[in-house]
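Residue-level structure breakdown
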Amino acid sequence: MNRTERNALVVENLPLVGYLVAEVCARATHLSRDDLASVGAVALVQAADAFDPTLGIPFGAYARTRIVGAFADDMRAGDWASRGTRKRIKETLAVQDTLAATLGRTPSVDEIAGALGVDRATASSALQDAARTVASLDETVADHLAADLPLPEENVLVSERSRYVAAAVEALPERMRYIVQGVYFGDRTVSEIADELGITHSAVSQQRTEAVRLLRDALESHYADDERAAAEYVPVSKTAPARRSAYLSRVATNAAVGIARAMRDPEQSSVSRAG
């Protein structure tokens, strides 16, 4: 590619830089649009220089990856978060993701705080910090910007994940399952459940927190990016290893039953999940 062709490619794709800058700044409002635009423009020129059209990859997709990578590098260089802060943010976001998968909606700050076993202010502070850190941008923005159109298999993955979450909730120990279903699906308060079960408010909160940890373990073990990630994952639940293994085994069995049921009667399966 000669210089004229390269320059034309850069000019043609400058709007891509603006689009990506806007997407990132929408998720991290403390970032400078001008600084990101400069970083993105440089990355676009470098992408045009390195682009090999014979590989059959569209330039837009190639440039997008290079630009988002440059954003992440630039933000990582100026990241302020300590190791302790990052750990707290990671735990909070993991619980948020687990609850979102379980509930099928974005959890409230109070729900996240309850699942973490902390007060509302602590959970809110962690979520605010998450919006300012590179960690959340590295893990979510790049994925969000990787492609403009949903992949064909996304609907299948969503259905599979829904079945697996249902299986994970169903496999919880009876009291934990009752608490999770009551708090998150029955719109009941912790105090109401504590009075009904004849235990303390603190005991219900502790079991709810441990139930969310078990759900997270189940999701992480099933949806790890690869075998190595699954092998390296450290369970977060406090349950004894033998009981945790038994729980994960029940989850796998429940999920297999759910898949078989869905294959026999997909319409009925969809109805039961919606209920």
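Residues numbered from 1 in each chain as written. Predicted model: local features only at pLDDT ≥ 70, side-chain atom pairs only at ≥ 80, totals over all residues. Heavy atoms only, no water.

**With respect to the packing of aromatic side chains**
Within the structure shown, the criterion is met by two aromatic pairs. Judged by centre distance (5.1 Å) and plane angle (75 degrees), the ring pair of Phe51 and Phe59 falls under edge-to-face. Both residues of the pair, Phe51 and Phe59, belong to the buried class. Between Phe51 and Tyr62, the aromatic rings sit 5.8 Å apart at their centres with planes inclined by 40 degrees, giving tilted as the arrangement. In this pair, Phe51 is assigned in the loop between α3 (33-50) and α4 (59-77) and Tyr62 in helix α4, connecting sequence segments 11 residues apart. An aromatic cluster is defined as three or more aromatic residues linked by ring pairs; in this entry it consists of Phe51, Phe59 and Tyr62. (Phe/Tyr/Trp six-rings, centres within 6.5 Å; stacked < 30°, edge-to-face > 60°. Buried < 20%, exposed > 50% of the residue type's maximum accessible area, 1.4 Å probe, protein only. Helix = DSSP H or I, 4+ residues; strand = E, 2+ residues; numbered from the N terminus.)

**A short note on the nonpolar core**
Leu99, Leu172, Tyr184, Tyr247 and Val251 are the most contacted members of the largest nonpolar core, which has 33 residues in total. Looking at this core, the elements with two or more residues in it are α5 (83-103), α6 (109-116), α9 (154-170), α10 (174-185), α11 (190-197), α12 (201-222) and α14 (241-264). If one sorts the elements of this core by residue count, α12 sits on top with seven residues. (Core = buried A, V, L, I, M, F, W, Y, C linked by side-chain atoms within 4.5 Å.)

**Focus on the pattern of salt bridges**
Enumeration according to the criterion identifies five salt bridges in this entry. Arg120 is paired through a salt bridge with Asp110; the nearest N and O atoms lie 2.8 Å apart. Remark: Asp110 occurs in helix α6 and Arg120 occurs in helix α7 (residues 120-130); sequence separation between them is 10 residues. For Asp110, a relative accessible area of 46% corresponds to the partly exposed category. Salt-bridge contacts for Arg244 lead to Asp217; the nearest nitrogen and oxygen are separated by 3.6 Å. Taken together, the residues span a long stretch of sequence, with Arg244 in helix α14 and Asp217 in helix α12 at a distance of 27 residues. (Salt bridge = Lys/Arg side-chain N within 4 Å of Asp/Glu carboxyl O.)

**Observations concerning the environment of Ala167**
Considering the arrangement of structural elements, one finds Ala167 in helix α9. On the basis of relative accessibility, which here comes to 4%, the residue Ala167 falls in the buried class. Taking the C-alpha atoms as reference, Ala167 lies 5.2 Å from Ala255; in sequence the two are 88 residues apart. Setting aside residues no more than four positions away along its own chain, Ala167 makes contact with Val251, Asn254 and Ala255. (Contact = heavy atoms within 4.5 Å.)

Nothing here speaks to function; it is all geometry.
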